[in-house]
Each structure stands twice: as C-alpha cells, then as structure tokens.
Amino acid sequence: MTDTNISKEKNEYLKKLDSEYGYRIAKDLLEFKTTQNGFRNAGTPAENEAADWLVTEMKKIGLSAVTKESIDVDAWEFHGATVEMMELGLETMHAGSFSGLEGTKEDGVTCQVVYVGEGTSKDYAGIDVKDKIVLIDTDAYYTYWYNLVFEEAQARGAKAIIAAVTDRGPGTYKDDLITIQNIQGFVDIPAVIMDKKDSEILRNAAKRQGEFTANIQIDVKTTRNAKAHYVYGMIEGRNPESKIIYSAHYDAYWDGFLDNASACGTVMTIAKAMIESGYQPDSTMIFVANGAEEYGRIGSAYDYCVGSTAIVRRHPEWVENTKACFNFELTAHNQMDRFALTATAGYAKWFDKLIGQTKLVEEYQVIPTSIAGADNIIFTKAGIPTCMNISTCFNGDDPESASNYDHTQYDNLERYDAKAFDDVNRIYGILGMMIDRTPIIQMDFHAYTDHFWDNIDIDKLSSLYSNTKELKNLVEEFNELALLAGKSKTGTSHENWNRNKVILEINKMFMSEIYKYNAYSELAIGHLQPYSYVTALDDLIACLIEGNADAVNEVLELDHNYLITAFGREVYEKTVIRAFEKDVPQEWAEGNTIPFPNLYEVMTSVIQKSASGQNPFNEEIQILKAIREDQAKLLCDILNQEKQVIISAKEKLGEWI
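Anyway, here's the lowdown on the structure attached to this text. (Residues numbered from 1 in each chain as written. Predicted model: local features only at pLDDT ≥ 70, side-chain atom pairs only at ≥ 80, totals over all residues. Heavy atoms only, no water.)

This part is about the packing of aromatic side chains. On inspection of all chains with the given rule, the structure shows 38 aromatic pairs. Pairing Tyr 23 with Phe 257 gives two aromatic rings, centres 6.1 Å apart and planes at 75 degrees, and the pair type is edge-to-face. With Tyr 23 in helix α2 (residues 19-29) and Phe 257 in helix α6 (residues 257-277), this pair connects stretches of sequence that are 234 residues apart. Ring plane angle 85 degrees and centroid distance 5.1 Å describe the contact between Phe 328 and Tyr 428, whose orientation is recorded as edge-to-face. Here Phe 328 is found in the loop between β12 (322-327) and β13 (339-343), whereas its partner Tyr 428 is found in helix α11 (residues 418-437), with 100 residues between them in sequence. Summarising the burial analysis for this pair, Phe 328 and Tyr 428 share the class buried. Every member of this aromatic cluster is reached through a ring pair, and the members are Tyr 246, Phe 287, Phe 326, Phe 328, Phe 339, Tyr 347, Trp 350, Phe 351 and Tyr 428. (Phe/Tyr/Trp six-rings, centres within 6.5 Å; stacked < 30°, edge-to-face > 60°. Helix = DSSP H or I, 4+ residues; strand = E, 2+ residues; numbered from the N terminus. Buried < 20%, exposed > 50% of the residue type's maximum accessible area, 1.4 Å probe, protein only.)

Structure representation (structure tokens):
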C-alpha cells in the first residue's frame, strides 16, 4: 500500500464522515431511561433495551457478525430520593444517592439529624450518632471518598446518611445540581446526596439549632446477578487474526449525553464512515458498545468497569491480537487547550508521531496511561495497546470542569460541542487506518523498563535481594535487544504479522505480570510497593530504637495508611485488608494487586506513645520488624517473578532478531 493510496483512503473516509449521524445516535440513546430524568444503569430494562437498539443500528449501517453478549452484574435501578425537614415545614428536597446502596422502605427513615463536619474520627468527639441520621460535608476529590466517611458513620451506629456538598468537588457546578457517585466500599445503610442549595439549608439548620428531625426516602431497586450487555460488530480484515478495536460505554447516570452517549455516537460514526468509504482494512475492525462501565458490582472497591473486565476475559483472541484499541469518553466536548489523549506507555511516542502525520491538528499532547477511571485501563492492563481521548479535566478550579457536572442532570444535550465531536471522529478514524496500514507496530518497551528502578537505591536493594545485579543486567540486555528490534525492516505480510504477535505478547507480559494496581488504582511496577514498605519501616524502626518516632509520617504517607489517623480501625481494615479478601468481588483488580500490611494497631500505639512522651517502643519495634521481614520476603518473591518475565521477554525478542 503506497502513501498515495493511504492518502486517498483518508480522503474518502473524511468525505463520508457524518458527525450529524453520530449526534443522532447519542441523542436517541437518551430515550432509553429508567425515569423521566434518565438513568441507563447496567442490568436495568433501560440498558437492556438500549443494547437491542444498538444491535439493530449496527446491522443497519452494515457491520458484520453483530453480537450481543450478556454480563452478570448487580443492577442498581434508581427512581429518586427525597429529604424532608419535619419541624421546619420546608418543601420536600430532591436528592441523589449512591450506586449499589439499597433504598428505604416506602415511608423512609425518620429520625434525628446530627451534623459531623467532614465525618472523620475527630469530628465525632462527644457526639452520639447511634440510630440517627448523620449529616456529612463531602468534597470527594479533595479530602475523602464517600465510602470512607460513610463507613465511619456506619461503624458508629448511624441509621442513615445525608451527604452535603461544599464549594468544591462533585456537585458544585450549580445550586440545584445533584450528583450520583459510586461508593467503592462496604456500606449497608441508606445515603442521599443533596444539591448545593439544600446542603446549605441543612448545614445551617444543624449549626443553628443542633439536632432536628428529618425523613429520608430512597426509591431504588437492586438486583443481584442481573444481565447487562455489550454489543459489537465488525468490518472483516484481510488478516482476520489481527484486530483493531473502537470502544465506548453506553450505560449512564441521568441523561449521560456526554458520559457516554456521545462516545457511542463516535464509535458508530467511525464505523459507518469506514463502511461507506469502501475502506478494506488489513485488520478486522471491531466496534464495541459496553453497557456496564459506570457501575456493576455491589460491595466492591472495584465496582465499575465490569463490562470491559468481562470482555477481556471472554475474548483472549482480542487481547492477544489487537494492534490498538481506541476507547472513548465524552467525545462531544473539549475544555482542554489542545488535542489530548492518554495511551499505553509503550505507544505514547508512536501516537505522538502519528497524530502529527494526520495533519488534522496543530497542538496535541499524549499522556501515558496511569490510573483506572474508565475502560481504557482495563484493556491496557490486560495487554491491549490502548488510547483514550482526553476532553476534560477533573479536580480543576474551572467551573466548567467535568467534576462539577459529570454524573449530574446537567450532562445533557446542551453540552454538545459539534466541532469537538467532529474533530474526534475525524482524527481517530484516520489514526485507526494509519495503524491498520502500518506493517509492524512501533512499541517502545523502554517506556516500561526505564521505570524499573524508580525510587530504588540499588545498594539498598542489593542488600535485600541477592539477584539484583543479575536482574539489572537482564533489563539492560532486554533494552539493547528492544533497540535492535525497533530498527528491523519489514518483510512479507506473514513475517510482519508474526513480529507483531511477538510485540503484543511481550507488551502483555509487562502489563499483566509486572505492572500492578497500587492503593489508588494506578499502574506501578510491582516490586515498588514492598520496597517502599521495607525502606520506610527500616527508617521508623531505627528512630524508635533511638527513642523517637520522627519517621512515623514516612509510613503514614504510604498507600492508605493515612486512614490510621483519620478514621477508626473498622474503616481502615475494610479499605486496606477486607477489600482484597477472596470472598469479596474484586473484578478487574483480581490478581492484579499486592497485599498490604495491617499497620493499624502498631502505628496507633507508636503515635499514642510518642504523643504522651512514653518510651521505649520495645513491643512496637518487634512487631514492626516482623512486618518488615514479611515485606522483604514479598519483595524478593515479586522480583523473582519479574526476573522470569524479563527472561521470557528477552528470549522472545532474541528469536525475532
């Protein structure tokens, strides 16, 4: 295929591109809803009906092998929530709730309301909340996620929870905005979240008169083992083994026009334009609509991305043979100052080059994928090279930030940005075609190995792991082979595909076996977690031997250990220990995390003794030494596993070269 032919194919694609069609797809998806306010949650009739409609639409535009596959989910069907202040005679306040939480009985929950500020342990000093409704200020992106403050209230005997929003975080874009969020934890009592106006009314009432009586009503239906779906269709390629995937989810809170009906419109727009332009791909193009991204599992810290988790487990042939997956979120919107995307680290340099070659955008940025927040991380972690558009920022001060209106009633048609939508449809269609026509994919393995020794003192590591020098040499040898492999010339179609298979297999080795999810669901090389514990504990033990606790913050700053000083033991253990036990659904985190040590009791003892001037710390030192030895053993076990992966990857590259 010559560059002239590629240019011709691009032009034909752009001629046939009809973003108005994609807009209509997104708009029509909004008709599938649980109430007049929207909601297409996984496993509900609205989501099921949307799946059937997408099947029909995929067939209509000419996709082949159109298939609907079911997923077992815990369905959360939200019909509404209210709060009424009984003594004050105010109008009934409308509220939101939290995915996975049960509703109330028809007459609701009526009892005294107690205000506890941010809801940490210290906020409960001198306050009895047993069998009462707890009013808590929340600004989830800045302080604590909802499950933490809710679990604290539950542990103290609260009967229900009212979450009030503040001047920052989710739910602050407008006075009447109501947000819906995931719990990501273990909460068994009902909870509502108010808009900004009503939050202020409740907060002021509590500050003015102390306790008052309120009634909470939540109309929710939860169904265990319900059926959600993902739908896909194909454009068959000359090499049916090779795949390129375009993906988006269609489940949503409220209307969910941007998040994520717009992205489904993008997937369908690209598919339709490719078909109508007559594009005959080398790889089979797969177009996926996933119905279980926002939520799908009760009582799990990993309650979202349930659909994509099912996809990668059921379709190993996609995982092993996909040259690239394009996953989309909020495509009809752009508040960035440039075209931006996040990509599998090994593809970041290649995508930077490809975007420039499209000549469709002047300023752009490619950010290596790092954190779980959408389906793209599930595909990436499974071993599929993946990218996702970035159109919005979270946690920003911009009042238009998606953190302020995503998952609210203001994610509607009024948010539509036609130019942003058309730009995404044009650029990503062309990027897919360029990758399809590239004989050998350009994977930069140094993006992984360059971080192998991040924050590592090699001398320190050598004292802990006897094979440090051997492993270091193996990584260097692999890097040299990777450089040679990157310079290899193309061959026959069969030879090129075999080389691609090797590249994809090695990428899968790194992503599925070496990289793990840390406490914040960020991708990190596995050995870094136990190494950080060994070094921090060594420093703390040395200080305690000297009779001081100067290094205590070094341990508290690791992972979720900040919870030790902010919340009670029950909250800490649910988050740090219970979340990873075998009887708890872990979804995409299963087998992809490293156990955390339980430090609550010993660290609490150290902190209390230090505050009261007590020493020595003999008992605490012995406990910490035992934990440190366990972490040192875990470190060596992980490094041995990683060494075997590097050996296998090196052998694979050696066979190719």
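Right, let's get into α6. Helix length check: α6 (21 residues) gives 28 Å between terminal C-alpha atoms against 30 Å at 1.5 Å per residue, within 8%. Note on α6: the residue one or two positions beyond its end, Gly 278, has a positive phi of about 80 degrees. (Expected span 1.5 Å × (residues − 1).)

Moving on: the pattern of salt bridges. What the rule picks out here adds up to 39 salt bridges. Notably, a salt bridge pairs Asp 74 with Arg 224, separated by 3.8 Å at the nearest N-O pair. Here Asp 74 is found in strand β1 (residues 64-85), whereas its partner Arg 224 is found in strand β9 (residues 212-235), with 150 residues between them in sequence. For Arg 224, a relative accessible area of 54% gives the class exposed. Residues participating in the shared-partner salt-bridge network are Glu 9, Arg 238, Asp 282, Asp 436 and Arg 437. (Salt bridge = Lys/Arg side-chain N within 4 Å of Asp/Glu carboxyl O.)

Below, the discussion takes up the pairing of β12. A regular strand carries its side chains on alternate faces of the sheet. Most of β12 sits out of view: 6 of its 6 residues are buried. Judged from the 5 bridges that link them, strand β10 (residues 239-249) and β12 form a sheet pairing that is parallel. The partner of Ile 244 across the bridge, within β12, is Ala 324. Looking at chain direction, β12 and strand β15 (residues 386-390) are connected through 3 bridges and run parallel. Across the sheet, Cys 325 pairs through a bridge with Thr 386, a residue of β15. (Pairing = 2+ DSSP bridges.)

This part is about α11. Structurally, the α-helix is built with 3.6 residues per turn, so residues lying three or four positions apart point the same way. A rise of 1.5 Å per residue sets the reference length of α11, with its 20 residues, at 28 Å; its end C-alpha atoms lie 29 Å apart and thus fit the reference within 8%. Summarising burial for α11: 15 of the 20 residues are buried, a large majority. With a side-chain oxygen positioned 3.2 Å from the backbone nitrogen of Lys 419, the residue opening α11 is Asp 417. (Polar contact = N/O pair within 3.5 Å; in protein donor to acceptor, adjacent residues only side chain to side chain.)

Relative to the elements of secondary structure, Asp 251 occurs in the loop between β10 and α6. Among buried Asp, Glu, Lys and Arg side chains, Asp 251 stands out as unpaired, with Arg 40 the closest opposite charge at 7.4 Å. At a separation of 2.9 Å, a polar atom in the side chain of Asp 251 contacts the side chain of His 249. Polar contacts involving the side chain of Asp 251 include one to the main-chain amide nitrogen of Glu 293, which spans 3.0 Å. (Lys, Arg positive; Asp, Glu negative; His and termini not counted.)

We now examine the environment of Ser 401. Within the fold, Ser 401 resides in the loop between β15 and α11. In this structure the C-alpha to C-alpha distance between Ser 401 and Thr 143, which are 258 residues apart in sequence, comes to 18 Å.

This paragraph deals with the packing of helix α15 (residues 493-514) against helix α21 (residues 618-656). Running from N to C, α15 and α21 cross one another at 175 degrees; their axes reach a closest spacing of 10 Å. As summarised for this structure, α15 and α21 are arranged roughly antiparallel, according to the angle between their axes. The segment α15 lies against α21, with Arg 499, Val 502, Ile 503, Glu 505, Ile 506, Met 509, Phe 510, Glu 513 and Ile 514 engaging Glu 642, Val 645, Ile 646, Ser 648, Ala 649, Lys 652, Leu 653 and Trp 656. Its residues assigned to classes, the contact of α15 with α21 shows 11 nonpolar, 1 polar and 5 charged. (Axes fitted to C-alpha atoms, helices over the stretch in contact; angles between N-to-C directions. Parallel < 35°, antiparallel > 145°, perpendicular 65-115°, else oblique. Contact = heavy atoms within 4.5 Å. Nonpolar A, V, L, I, M, F, W, Y, C, P; charged D, E, K, R; others polar.)

It is worth spelling out the packing of α2 against α6 at this point. In contact at an axis separation of 8 Å, α2 and α6 are set at 140 degrees when each is read in the N-to-C sense. Viewed along their axes, α2 and α6 adopt a mutual orientation that is oblique. The chirality of how α2 crosses α6 is right-handed. Across from Ser 19, Tyr 21, Gly 22, Tyr 23, Ile 25, Ala 26, Lys 27 and Leu 29 in α2, the residues of α6 making contact are Phe 257, Ala 261, Ser 262, Cys 264, Gly 265, Met 268, Thr 269 and Lys 272. For the contact of α2 with α6, the residue count by class is 9 nonpolar, 5 polar and 2 charged. (Left-handed = near helix turned anticlockwise from the far one by under 90°.)

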